[in-house]
Amino acid sequence: MTEKGHHYIQMLGERYLKLAPVLPDVEKVYTVLEETYAKGGKLMIAGNGGSCADSEHIVGELMKSFILPRKIAPELRDKLCRISPKLGEALGNALQQGLPAIALTGHNGLTTAYANDCNPEFVYAQQLLGFGKRGDCFLGITTSGNSQNVLAAAVTAKAMGIRVIGLLGRDGGAMLPLCDAAVVVPETETFKIQELHLPVYHALCLELEDHFFGNPR
């Protein structure tokens, strides 16, 4: 059992033995995320290539149901029905509670304009400056730990009082010292690092969903 008894993080170590040594780091990252959401903050995520796809993947697991139902509050359902009897019931049945998360990897109009007018390495930092506030959290995903656009966003986050977490590989690179908590998976080749990042962030998303939307134990 992990330090706090988190089921999905424990399962992560059982299913992926190579990750067992970094489970305490997974717990630390989870704690930062839980605290962020408990205090009304949001998560912003960025990465490149496969890590860009991972950023979008994580948002998909957090912003809607993953494996548990996330029905909206009855009060909101009632308001929807009062505003629009026709649409309200359908919305009340379909909408799901989410944990607010933004992938900084989209928004093509903004990013291409900023890259053209200013500096393409700072497109994530610019979005973080616009979206972020103290109490939020930034997740940088970089297999090398040295992606300049992710590092620029992490530096901006620290300056704004936004906590920084990392999903990294190899030796953690320049990103590691900027992180309040980080998981450095024990691989050195990019594709192998990415293969271990996915089960780590799935476990984190499952634990968050269980904590905020699961039945009291």
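Every value quoted in this text rests on a predicted model; they were computed, and no experiment measured them.

> Please clarify how a nonpolar patch on the surface should be interpreted in this entry.
On the surface, a cluster of nonpolar side chains totalling about 250 Å² of accessible area is made up of Leu 87, Leu 91 and Leu 95. Locating Leu 91 in the fold gives a position in helix 5 (residues 85-94).

> I would appreciate a short explanation of the side chain of Thr 36 in the present structure.
Position of Thr 36 relative to the elements: it lies in helix 2 (residues 23-38). For Thr 36, a relative accessible area of 4% gives the class buried. One polar contact links the side chain of Thr 36 to the main-chain carbonyl oxygen of Val 32, over a distance of 2.8 Å. Leave out the neighbours within four places in its chain, and Thr 36 touches Gly 41, Lys 42, Gly 135, Asp 136 and Cys 137.

> Just checking my understanding: could you explain the pattern of salt bridges for this structure?
Side chains bearing opposite charge may pair, as long as their charged atoms lie close to each other. If you walk through the whole model with that rule in mind, you get 7 salt bridges. Here Glu 209 and Arg 70 are joined by a salt bridge, their closest N and O atoms 3.0 Å apart. Of the two residues, Glu 209 sits in helix 9 (residues 190-213) while Arg 70 sits in the loop between helix 3 (50-62) and helix 4 (74-83), which places them 139 residues apart along the sequence. Glu 209 gets classed as buried once you look at its relative accessible area, which sits at 0%. Taking the shortest distance from any N to any O, the salt bridge between Lys 158 and Asp 180 comes out at 3.5 Å. With Lys 158 in helix 8 (residues 148-160) and Asp 180 in the loop between strand 4 (163-168) and strand 5 (181-184), this residue pair connects regions lying 22 residues apart in the sequence. Residue Asp 180 is classed as partly exposed on the basis of its relative accessible area, which comes to 41%. Members of the salt-bridge network, linked through shared partners, are Lys 42, Lys 133 and Asp 136.

Scoring rules and cut-offs
Residues numbered from 1 in each chain as written. Predicted model: local features only at pLDDT ≥ 70, side-chain atom pairs only at ≥ 80, totals over all residues. Heavy atoms only, no water. Patch = residues over 30% accessible without salt bridge, like charges linked within 9 Å, V, L, I, M, F, W, Y side chains within 5 Å. Areas by Shrake-Rupley, 256 points an atom, 1.4 Å probe, with all protein chains shown as cover. Salt bridge = Lys/Arg side-chain N within 4 Å of Asp/Glu carboxyl O. Helix = DSSP H or I, 4+ residues; strand = E, 2+ residues; numbered from the N terminus. Buried < 20%, exposed > 50% of the residue type's maximum accessible area, 1.4 Å probe, protein only. Polar contact = N/O pair within 3.5 Å; in protein donor to acceptor, adjacent residues only side chain to side chain. Contact = heavy atoms within 4.5 Å.

Read these as layout, nothing more, since geometry by itself doesn't imply function.
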